[in-house]
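Here is how the chains run, residue by residue.
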Amino acid sequence: MGSMLLKPMMALMTAVGLLSESTLYHQEKEQRDLSMNASSDGRSVIFNADHAVGSGLYVLDLSTSKVRELTYSKAQEDAPAFSPNGRRIIYAASEGSTTAHLYTYSLADKVRKRLTDTAGTYDDMPSFSADGTKIVFARALLHRPYSMGGWTWDHWDIYVMRSDGMGLRRLT
């Protein structure tokens with residue numbers, strides 16, 4: 001089983017800059033955050049990767065080890081997840097550290113749709129329900145100074161909404 005995963009993982013590591021053609025470790029840019037999610041049919045992996053001005057979302061086809069770029073953004077795009085039918089992706093995107101909102105991306109028509117836009121919040125870690133009709137995610141409500149310097153988000157709660165972004169409800 002391990003050897004079956006080696007080629008796709010090498011493609012994934014190359015795509016995010018952990019491996020390059022000339023050297024085992026790519027030293028030019030540190031990958032800040034890597035999130036990935038497998039499609040329900042097990043054929044693809046969606047992941048985020050940093051680039052020079054932000055980050056993007058990519059799909060790795062596990063049968064061919066080919067990586068396809070879906071988005072290229074100045075925002076930090078993070079925590080992508082496939083919908084159960086594999087037609088859409090949900091993810092969080094932030095510009096700077098002041099807010100993050102949730103977006104869906106249609107794989108068929110390549111349309112990005114913003115689902116959340118509450119000021120002064122940080123939405124992260126979205127996931128579709130098993131039937132694809134709801135989205136659950138974490139929301140931070142307090143942006144405060146961090147004891148070691150800088151800023152951090154705090155006071156996290158779990159929220160749910162319909163997959164069209166309507167019907168937002170706090171669960172915790």
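Residues numbered from 1 in each chain as written. Predicted model: local features only at pLDDT ≥ 70, side-chain atom pairs only at ≥ 80, totals over all residues. Heavy atoms only, no water.

### A word on the pattern of salt bridges
Link 1 in the chain: Scanning all chains against the criterion turns up 5 salt bridges.
Link 2 in the chain: Close ionic contact of Glu77 with Arg112 constitutes a salt bridge, the shortest N to O distance being 3.4 Å. Separated by 35 residues along the polypeptide, Glu77 in strand 5 (residues 76-82) and Arg112 in strand 8 (residues 112-114) bring together distant segments of the chain.
Link 3 in the chain: When its relative accessible area of 39% is taken as the criterion, Arg112 is described as partly exposed. (Salt bridge = Lys/Arg side-chain N within 4 Å of Asp/Glu carboxyl O. Helix = DSSP H or I, 4+ residues; strand = E, 2+ residues; numbered from the N terminus. Buried < 20%, exposed > 50% of the residue type's maximum accessible area, 1.4 Å probe, protein only.)

### Let's talk about unusual backbone geometry
Link 1 in the chain: Phi is positive for Lys110, which is not a glycine, with a value near 60 degrees.
Link 2 in the chain: Mapped onto the secondary structure, Lys110 falls in the loop between strand 7 (100-106) and strand 8.
Link 3 in the chain: Relative accessible area serves as the criterion here: at 57%, Lys110 is assigned to the exposed category.

### Digging into the nonpolar core
Link 1 in the chain: With 12 residues, the main nonpolar core is built from Ile46, Leu57, Val59, Leu70, Ala75, Phe82, Ile89, Tyr91, Ala93, Tyr103, Tyr105 and Leu107.
Link 2 in the chain: Elements with a minimum of two residues in this core: strand 3 (54-61), strand 6 (88-94) and strand 7.
Link 3 in the chain: By residue number, the principal contributor to this core is strand 6, which donates 3 residues.
Link 4 in the chain: Setting aside its immediate chain neighbours within four residues, Leu107 contacts Leu70, Phe82, Gly86, Arg87 and Ile89.
Link 5 in the chain: Of all hydrophobic cores here, the second largest spans 10 residues; its members include Phe128, Ile135, Phe137 and Met161. (Core = buried A, V, L, I, M, F, W, Y, C linked by side-chain atoms within 4.5 Å. Contact = heavy atoms within 4.5 Å.)

### Quick notes on the confidence of the model for the protein
Link 1 in the chain: Here the protein averages 83 in pLDDT, and 80% of its residues register 70 or above.
Link 2 in the chain: Segment residues 1-6: pLDDT under 50, and 0 contacts once partners within four positions in sequence are set aside and those in other chains are kept.
Link 3 in the chain: In this model, residues 18-30 is a region of pLDDT below 50 whose contacts with residues beyond four sequence positions or in other chains number 15 contacts. (pLDDT = per-residue confidence, 0-100.)

### Let's talk about the pairing of strand 5
Link 1 in the chain: Within strand 5, 7 of the 7 residues are buried, leaving the element largely enclosed by the surrounding structure.
Link 2 in the chain: Pairing analysis gives 5 bridges linking strand 5 to strand 6, with the strands arranged antiparallel. Bridge pairing links Phe82 to Ile89 in strand 6.
Link 3 in the chain: If you look at the hairpin formed by strand 5 and strand 6, you'll find 5 residues sitting between the two strands, and Gly86 has a positive phi there, around 75 degrees. (Pairing = 2+ DSSP bridges.)

### With respect to a nonpolar patch on the surface
Link 1 in the chain: Together, Val136, Ile158 and Leu171 line one region of the surface with nonpolar side chains, adding up to about 210 Å² of accessible area.
Link 2 in the chain: Position of Ile158 relative to the elements: it lies in strand 11 (residues 151-162). (Patch = residues over 30% accessible without salt bridge, like charges linked within 9 Å, V, L, I, M, F, W, Y side chains within 5 Å. Areas by Shrake-Rupley, 256 points an atom, 1.4 Å probe, with all protein chains shown as cover.)

### Describing the sheet that holds strand 1 (residues 36-38)
Link 1 in the chain: Ordered by their spatial adjacency, 4 strands build an open sheet running 1-2-3-4, and the pairing between neighbours is antiparallel. Bordering the open sheet on either side are strand 1 and strand 4 (67-69), each of which pairs with just one other strand. The average undirected angle you get between the axes of adjacent strands in this sheet is 25 degrees.
Link 2 in the chain: Taken together, the 3 bridges between strand 3 and strand 4 define a ladder with antiparallel strand orientation. Paired with Tyr58 across the strands is Glu69, a residue of strand 4. (Axes fitted to C-alpha atoms, helices over the stretch in contact; angles between N-to-C directions.)

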